[in-house]
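Architecture at a glance
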Amino acid sequence: MAFGINRRRIQKAIRRLKSLPGGINFFKYTFNKMYAWYLRLIKSPRVTHPSSIMFEVTNHCNLKCITCPREFQYGEEMAKGFMDINQLKKIVDEAYPYVDSIGLTGLGETLMYKQLPEALEYIRQKNKGIITTISINAHLPNSVELVKLIADKLDTLQISMDGIGEIYENVRLRGEWKLFYDNVKKIVEHCRDKRADVMFNFVAIKENYHTMADVVEVAAELGVDYVNITPFNLAAVTAHNIDYYDFFHSDTFISELTRAKEKAGSLPGVTLTCWDIKSKNEFKKCHLPWNHFYISWDGYATPCCAKPFPKELNFGNVFDDGLMFCLNTPGYLEFRKMWYENKTPKFCEKCHMVDLKPIKLPYELPVN
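So, a few notes on the structure that sits alongside this text. Nothing here was measured: the structure is a model prediction, and the numbers come from that model. (Residues numbered from 1 in each chain as written. Predicted model: local features only at pLDDT ≥ 70, side-chain atom pairs only at ≥ 80, totals over all residues. Heavy atoms only, no water.)

**Things to note about the overall build of the chain**
- Assigned secondary structure in the chain consists of 14 helices and eleven strands.
- The C-alpha atoms of the chain give a radius of gyration of 20 Å, which matches the 21 Å a tight globule of 368 residues would have.
- Each principal axis of the C-alpha distribution contributes one length, and for the chain these read about 50 × 45 × 40 Å.
- Burial analysis of the chain (368 residues in total) assigns 57% to the buried set.
- Of all intrachain contacts in the chain linking residues separated by at least 6 positions in sequence, the fraction that spans at least 24 positions is 77%.
- Carbon and sulfur atoms provide 54% of the accessible area of the chain, an area that totals close to 16000 Å².
- In the chain, 48 positive and 43 negative side-chain charges are present, and the distance between their average locations comes to 6 Å. (Helix = DSSP H or I, 4+ residues; strand = E, 2+ residues; numbered from the N terminus. Rg over C-alpha atoms; globule rule 2.2 N^0.38 Å. Buried < 20%, exposed > 50% of the residue type's maximum accessible area, 1.4 Å probe, protein only. Contact = heavy atoms within 4.5 Å. Areas by Shrake-Rupley, 256 points an atom, 1.4 Å probe, with all protein chains shown as cover. Lys, Arg positive; Asp, Glu negative; His and termini not counted. Charge placed at Lys NZ, Arg CZ, Asp CG, Glu CD.)

**A short note on the packing of aromatic side chains**
- Counted under the stated rule, the structure contains 28 aromatic pairs.
- Seen from their ring centres, Phe248 and Phe253 are 5.1 Å apart, and the 90 degrees between their planes marks the pair as edge-to-face. Note on accessibility: Phe248 and Phe253 belong to one class, buried.
- Here the aromatic cluster, defined as three or more aromatic residues joined through ring pairs, consists of Tyr209, Phe232, Tyr244, Tyr245, Phe247, Phe248, Phe253 and Trp275.
- Sitting over the face of the ring of Trp290, Arg40 holds its NZ or CZ atom 4.2 Å from the ring centroid.
- Cation over ring: Arg336 sits above Tyr332, and NZ or CZ is 4.2 Å from the ring centre. (Phe/Tyr/Trp six-rings, centres within 6.5 Å; stacked < 30°, edge-to-face > 60°. Lys NZ or Arg CZ within 6 Å of the ring centre and 35° of its normal.)

**Quick word on the nonpolar core**
- Residues Phe55, Leu88, Leu104, Leu157, Phe200, Ile229 and Phe248 are the most contacted members of the largest nonpolar core, which totals 105 residues.
- The element best represented in this core is helix H9 (residues 212-222), accounting for seven residues.
- Setting aside its immediate chain neighbours within four residues, Leu157 contacts Ile134, Ile136, Val147, Ile187, Cys191, Asp197, Val198 and Met199.
- Counting residues in hydrophobic clusters, the runner-up holds seven residues, among them Met54, Tyr74, Leu107 and Tyr294. (Core = buried A, V, L, I, M, F, W, Y, C linked by side-chain atoms within 4.5 Å.)

**Let's talk about the pairing of strand E8 (residues 226-231)**
- Taking burial as the measure, the six residues of E8 include six buried ones, the bulk of the element.
- The side-chain alternation of E8 yields two buried faces, one formed by Tyr226, Asn228 and Thr230 and the other by Val227, Ile229 and Pro231.
- Bridge analysis of strand E7 (residues 197-204) against E8 gives six bridges, and the strand direction is parallel. Bridge pairing in E8 places Met199 opposite Tyr226.
- In this view, the connection linking E7 to its parallel neighbour E8 by way of H9 has right-handed handedness. (Pairing = 2+ DSSP bridges. Right-handed = clockwise from strand over helix to strand, strands pointing away.)

**Structural notes on a nonpolar patch on the surface**
- Together, Phe31, Tyr35, Trp37, Tyr38, Leu41 and Ile42 make up an exposed nonpolar region whose accessible area comes to about 700 Å².
- Residue placement: Trp37 occurs in helix H2 (residues 24-41).
- Under the relative-accessibility criterion, Trp37 is labelled exposed at 59%. (Patch = residues over 30% accessible without salt bridge, like charges linked within 9 Å, V, L, I, M, F, W, Y side chains within 5 Å. Salt bridge = Lys/Arg side-chain N within 4 Å of Asp/Glu carboxyl O.)

**Digging into the pattern of salt bridges**
- Per the stated rule, a full pass over the model turns up 19 salt bridges.
- Here Lys33 and Asp100 are joined by a salt bridge, their closest N and O atoms 2.5 Å apart. Taken as a pair, Lys33 in helix H2 and Asp100 in the loop between helix H4 (85-95) and strand E3 (101-103) lie far apart in primary sequence, 67 residues in all.
- With a relative accessible area of 14%, Asp100 lands in the buried category.

**Some details on the environment of Leu107**
- When you line up the elements, Leu107 lands in the loop between E3 and helix H5 (116-126).
- By relative accessible area, which is 10% here, Leu107 ends up buried.
- Counting along the chain gives 62 residues from Leu107 to Pro45, while the straight-line C-alpha distance between them is 28 Å.
- Ignoring any residue separated from it by four or fewer positions in sequence, one finds Leu107 in contact with Glu56, Thr58, Asn59, Cys68, Pro69, Arg70, Met78, Tyr294, Pro308 and Phe309.

**Some thoughts on unusual backbone geometry**
- Tyr96 connects to Pro97 through a cis peptide bond whose omega is 10 degrees.
- The backbone of Arg174 shows a phi angle near 75 degrees, a positive value even though the residue is not glycine.
- Following the sequence through the fold, Arg174 ends up in the loop between strand E6 (172-173) and helix H8 (177-191).
- The backbone of His292 sits at a positive phi, close to 55 degrees, despite the residue not being glycine.
- Following the sequence through the fold, His292 ends up in the loop between strand E9 (271-274) and strand E10 (293-295).

**Details of the sheet that holds E7**
- What the nine strands build is an open sheet, ordered E9-E8-E7-E5-E4-E3-E1-E10-E11; its pairing is mixed. The sheet is open, and its two edges are formed by E9 and strand E11 (301-302), each paired on a single side.
- Of the pairings in the sheet, the one linking strand E1 (residues 52-55) to E3 comprises three bridges and is parallel in character. Looking across to E3, one finds that Met54 is bridged to Gly103.

**Notes on the side chain of His139**
- By secondary structure assignment, the location of His139 is in the loop between strand E4 (131-136) and helix H6 (143-150).
- You can call His139 buried: its relative accessible area is 8%.
- There is a polar contact of 3.4 Å between the side chain of His139 and the side chain of Tyr168.
- Setting aside residues no more than four positions away along its own chain, His139 makes contact with Asn62, Leu63, Tyr168, Gly175, Glu176, Leu179, Phe180 and Asn183. (Polar contact = N/O pair within 3.5 Å; in protein donor to acceptor, adjacent residues only side chain to side chain.)

Below is the structure:
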């Protein structure tokens, strides 16, 4: 199954539905969903308890990738650290029983967070149906051993994969292709009979786009079931102008994307997804003002996972004031009012949600 229904999403939805909160928590969960629907119906900028949150457990990293916002101006100026495990648990407590999914990844290498197994276990104890996701680069000396500790506590293990061979090493600086390949092979073998699904995430740029089909082939070779392709997001990148996006409309890029689609179609077991390339690009296309709220390692509520820099914009500190207080501060309410008015905030300029025009293709691509 290469193209069609996104079966990973369906599997996760079924897993969640089988383990909804019970007892009085079921009524709290259901009422929260209904109230959220009502607020959107009347176009209120307020939000209820979120169904999805994202913890930046650390923004330290062992690599220096040319696709990462850490390596540009905003990233160079950010404070770095690790999230306090007790503060993480405190926010999980506030999010429960309403939350459906929790991501434990930000701009850093997630496996560097020593309390990761404890964090995942705490979430699982709350409710085994809460969908958990992390993203790794598979380059720590003990990456395989660390994955073994969490594979049954995790739903999706995303691995960054931005090319093959020398191209990979030129994009993921300090990275080593052979080490990466060998680690992923061992990780996939271990996860085969565990809860975690393994997925490659490929950030397409001018330096690596011609390897998209090759990445799909390597995924099949290693037993990775899912490959997702997303374009380079310029929102937090100061080194490139907005005209960089013209590249994604070029015949050469579209040809390579088509080749990746055809390669996936010829390889049973690999599901290829892509970003939403067809719908109109505008601020209203972004769901982040309403869900999957990003919390920095030091507790700040930032608007976006692509530009999670509290010094640029934040709506308060959840460690100090609580999750729901920060999600409904006057600043956040004004941000969502702009969403209703479809007026792009300056903070969001250059984002591919807003400024990458839809790409016309003669075929359908399932959206991740």
